[in-house]
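Results of the structural survey
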Amino acid sequence: QVHLVESGGGSVQPGGSLRLSCAASGGAFSSYTMGWFRQAPGKAREFVAAISGLGRMIVYADFVQGRCTIARDNAKNTVYLQMDSLRPEDTAVYYCVADENSWPGRVSARIAMNYEYWGQGTQVTVSS
């Protein structure tokens, strides 16, 4: 079993940057696909990015590619999401997720149901 704790959220102006962190405890971290989803009020959960257990495979949602970078440090059991050029539309609660599969494929990695573990979320607000 895995426990996930996000941090690094906050309020930022349009065009600004944030770096989200997710600390994992329990389980074999390097064997898990890790990722990020987000959810704005009144909207469905939305895939953001995912990274395979050893970091070889990465997939981004179309709308964030070029502005976000996902990375992991398996020695620290931590996954990161660097977000740049933030827009008001990026305002949401961002969730760290873990899948016991080391890599389910580029399509399956985008599906929320494939992730067994979810963090509590961290709020990101982009406004002027």
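Refer to the structure presented above.
These notes cover the structure that comes with them. Residues take numbers from 1 onward in each chain, read along the sequence in its written order. Owing to the predicted nature of the model, reporting of local features is limited to residues with pLDDT of at least 70; listing and counting of side-chain atom pairs is limited to 80 or more, with chain, interface and lining totals taken over all residues. Only hydrogens and water are removed before side-chain values are computed, so all heavy atoms of the structure are retained for them.

1. Observations concerning the packing of aromatic side chains
Convention followed: The aromatic pairing rule takes the rings of Phe, Tyr and Trp, using the six-membered ring of Trp, and pairs them if the centres are within 6.5 Å, calling planes under 30 degrees apart stacked, those over 60 edge-to-face and the rest tilted. We count a stretch as a helix when DSSP gives it H or I for four or more residues in a row; a strand needs E for two or more, and each element gets its number in order from the N terminus. Between buried and exposed lies partly exposed: a residue is buried under 20% and exposed over 50% of the maximum accessible area for its type, with that area taken using a 1.4 Å probe on protein chains only. Both a distance and an angle decide whether a charge sits over a ring: NZ of Lys or CZ of Arg must be within 6 Å of the ring centre and within 35 degrees of the ring normal.
Applying the stated rule across the entire model yields four aromatic pairs. Taken together, a centroid distance of 6.0 Å and an interplanar angle of 65 degrees make the contact between Tyr 95 and Trp 118 edge-to-face. With Tyr 95 in strand E9 (residues 92–99) and Trp 118 in strand E10 (residues 117–118), this pair connects stretches of sequence that are 23 residues apart. By relative accessible area, Trp 118 is classed as partly exposed at 27%. Three or more aromatic residues link up through ring pairs in this structure, and these residues are Phe 37, Phe 47, Tyr 95, Tyr 115 and Trp 118. Here Arg 19 stacks its cationic end above the ring of Tyr 80, 4.0 Å away from the centre of that ring. Across from the ring centre of Phe 29, 4.4 Å away, lies the NZ or CZ of Arg 72, which sits over that ring.

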